[in-house]
Amino acid sequence: MLGTGLTGFSLPDGSFELRRVPAGDYQVSIRRLGFEPLTRQVSVRAAAVARLDLEMEALPFRLPGVEVTLRRPDLVPESKLQRQEVREANPRDAGELLRTLPGVEAVRRGPIGLDPVVRGLRETEVGVYLDGTRMFPAGPARMDSPMSHFDPTAVRRMEVVKGPYALTWGAGNLSAIRVETQDVFGEQRGALHGTLQSGYDENLGAEELGASLYGRPSETVSFWAHGAWRQGDDYQAGDGALVPADFVSSEARAKLGLRLAPDSRLTLAAGYQDQGRIDYPGRLLDALLFHTLNLSARYQLARSDGVFRGLDVLGYVNNVDHEMDNRNKPTADPANIPLPFGLDVHVDAAIDVAGGRVAADLVPGDGWRVEIGGDVYRAWRNAVRTIRRRDTEMELPISPSLMWPGATIWDQGTFVRATRTAGGVSLSATARLDLVRADADTISDYFAENVSTALRQTEANLSGAVSLSAALSQAWTLSLGAGSAVRTADATERYSDRTPASKAQISAEFVGNPTLEPERSTQADLWLEGNFPRVSLRLDGFVRRVSNYITIAPTDLTKLLPLSPDVVFQYVNGDADFLGAEGSASFLLADPVTLSVGAAYLWGNDRELDEPVLGVTPLSLDLSLRYDDPSGRFYAEGKTRYLGSQNRVATLRGELPTDATAATIPTGEYATVDLRAGVQPFRGFELRFGVQNLTDKLYADHLNAKNPFSGVPVPEPGRVLFLDAAYSF
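Residues numbered from 1 in each chain as written. Predicted model: local features only at pLDDT ≥ 70, side-chain atom pairs only at ≥ 80, totals over all residues. Heavy atoms only, no water.

### Quick look at the sheet that holds strand 6 (residues 121–122)
Sheet architecture is open: 3 strands sit in the order 4-5-6, paired in antiparallel fashion. Taken across any chain shown, the strands that pair with only one partner, and hence form the sheet edges, are strand 4 (104–107) and strand 6. Strand direction decides the pairing type here: strand 5 (residues 115–118) and strand 6, joined by 2 bridges, are antiparallel. Bridging across to strand 6, V118 finds its partner in L121. (Pairing = 2+ DSSP bridges. Helix = DSSP H or I, 4+ residues; strand = E, 2+ residues; numbered from the N terminus.)

### Structural notes on the packing of aromatic side chains
For any pair of aromatic rings, the description rests on two quantities: the centre-to-centre distance and the angle between the ring planes. Under the counting rule described, the total for this entry stands at 10 aromatic pairs. Taking 6.2 Å as the distance between ring centres and 50° as the angle between the ring planes, the aromatic pair formed by Y627 and F634 counts as tilted. Looking at Y627, the relative accessible area reads 29%, which means it is partly exposed. We classify F634 as partly exposed; its relative accessible area is 33%. Measuring from centroid to centroid gives 6.3 Å for Y727 and F729, while their planes differ by 35°, and the two rings are tilted. The exposure class assigned to Y727 is partly exposed, which follows from its relative accessible area of 40%. (Phe/Tyr/Trp six-rings, centres within 6.5 Å; stacked < 30°, edge-to-face > 60°. Buried < 20%, exposed > 50% of the residue type's maximum accessible area, 1.4 Å probe, protein only.)

### Side note on the sheet that holds strand 3 (residues 67–71)
One open sheet accounts for 5 strands, arranged 3-9-10-7-8; its pairing is mixed. Pairing within the sheet leaves two strands with one partner each, and these edge strands are strand 3 and strand 8 (133–135). Averaged over all neighbouring strand pairs, the angle between strand axes comes to 25°, with direction disregarded. Sheet topology places strand 9 (residues 157–161) next to strand 10 (residues 175–180); 5 bridges connect them, and they run antiparallel. Residue pairing in the sheet places M158 in a bridge with V179 of strand 10. (Axes fitted to C-alpha atoms, helices over the stretch in contact; angles between N-to-C directions.)

### Digging into a nonpolar patch on the surface
On the surface, L192, L196, L213, Y727 and F729 cluster together into a nonpolar patch covering about 460 Å² of accessible area. Looking at where F729 falls in the secondary structure, it is placed in the segment after strand 37 (720–728). (Patch = residues over 30% accessible without salt bridge, like charges linked within 9 Å, V, L, I, M, F, W, Y side chains within 5 Å. Areas by Shrake-Rupley, 256 points an atom, 1.4 Å probe, with all protein chains shown as cover. Salt bridge = Lys/Arg side-chain N within 4 Å of Asp/Glu carboxyl O.)

### What about unusual backbone geometry?
Looking along the chain, the bond that leaves S399 and enters P400 is cis, with omega of -5°. Tracing the backbone shows P400 in the loop between strand 21 (368–389) and strand 22 (401–422). For L75, which is not glycine, the phi torsion reads 70° and is therefore positive. Positionally, L75 belongs in the loop between strand 3 and helix 1 (94–98). Accessibility expressed as a relative area gives 11% for L75, which makes it buried. Of note, D610 is a non-glycine position whose phi angle comes to about 55°, a positive value. In this fold, D610 is placed in the loop between strand 31 (593–606) and strand 32 (611–612). Classification of D610 as exposed rests on a relative accessible area of 64%.

### Remarks on the pattern of salt bridges
A complete count under the given rule lists 48 salt bridges for this structure. Residue K255 is joined to D131 by a salt bridge in which the shortest nitrogen-to-oxygen separation is 3.4 Å. Here K255, found in strand 16 (residues 247–261), pairs with D131, found in the loop between strand 7 (126–130) and strand 8; they are 124 residues apart in sequence, far enough to count as distant. In this structure, K255 and D131 share a single accessibility class: buried. With a closest N to O distance of 2.7 Å, E637 and R676 form a salt bridge. Residue E637 is located in strand 34 (residues 634–643), and its partner R676 is located in strand 35 (residues 670–682); the two are separated by 39 residues in the primary sequence.

Take a look at the structure:
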């Protein structure tokens, strides 16, 4: 409110509330990136509520952008002086967007497919959802991340929950990421909007094209259609070394929205992605293809009064076909291996996921709101590896081998979440029960004789969480949370038959354990936010115990492949402890200039191995200075990131300290600088340009996979100049 110092932030539905406003006449100013600013008059009477209904008009010369936010333990999005719009970040992969958030990292195994890590939790410990549908990887060595099966140009919103609080989203969410594409019900009748964008990244040799069209031709029908294509070449690291990074990807997505009644709607969605050959310097094999199909139907009912306020019903299928080979790897040439012949290694893998969700929204009164419902998914995985002599094309006696033996995991969950808000205090509690069944079609004789024949396992897993959020004053909000969530072991951890591991950085063979107990993550959080007219502050910390933490142990089992190390590892249960903290602050130095700072630190200890947890994040510091022209037609930003040295490493998992050897690319104690800017020379057209890694620093993220042949972590790209052009109407 102009001239008063009172300020607030809207919730995801656009609502906002200002408390303790003295009686009088005021001007209210509303701003949001990508929309025309509004100023409205409002009269406030003593002991009364003044209601203001506003409708913001999108700026037609700005792209929709991607909003990336964190959610507090009470699942309310964090408040910020300025929402984190990262459409200028020039991402080649949706996983890259997550590196902008404190406490969130990503594993690089190749040019795309960066795999999210949230406060030390990774892989299936982090649930990933696309428009409400559960996503899983297709590769037995997790060559792909669930984040890699949709193009970043299709993403409109990403939300991250850094703890066991997203229990109503789905099963096994020790942390969770929810990705949303275009909402087809937001346009006025007759409105037709579209975007066309293209870009080029020097050094990476990467090109991209993207186009979207969305509109509402009638009162009852709306639509969105999107297409994207991108490709990249090998890139140079900071020392000039060439890193294999060829890839090509194309996809098409569409949504059809049908407004069945004023308060109900149906959304039909489809997507198909085709990724061709992809280099993976951090894996034993490269990808030949990924073919991904997404289909879903969602019915939503929303009412403004009564006890029964809403219903959400979703059904979906997600299928991925995946092939890998070693054509460009050292094992294909006998000159590089201790065999008189080269090897042709080929893997056929697939995952089929079908699921659904139904939830009802109830408002029984007296400040209570209740969500009750259930969800289910069935994930079927299969992967077969064949190995042939390159000279004769004859299969070796160990071929074919089952990497995934037609493994199926069923999870049926029910949940209830109750929230009561009164007097600036919000209290919520969630309970969830999952019934799990895991099984496999066939296993090798070796697995049956040496590991286990008890393939079918059932579980009943109870999860729960509570949170409290209180407005300490007009500016300060305190949030507390505690929860315990359960994740069932995945198909690799249960049924893999002497295959590489993705979590451990050891180039050895690993064997599954069908009788693994499910992991239980118990976590407590403290979250403090301060929001002032020109300053926003946030500090959050947590402690976590993971019981039955799935780790590894050496065995006396025999290896399958002649080139593998002699020691074979098996997945076992243990315990691990974590604690950490993140903080950030934004300062509006002047109306067009914002200074932002952030810091994060994580500590973790694997109690079973008596060493640090793999991938413990060293201290990181971020600093950015941004200028936004008041007209919205120009911005410029400079960012620097510092990562401290990391000597707390998981030795038994093959992780090396940052100063282990001079030949190892440093994974800590480095700083990078990025510069970017954008301009709209005329209505509807935008240019974005900049440089990433300005100083051409040689470095690797501490989580990056190692090249299995050299033992060196996959380095990040050196200096990258980029130019993007976009037209929207």
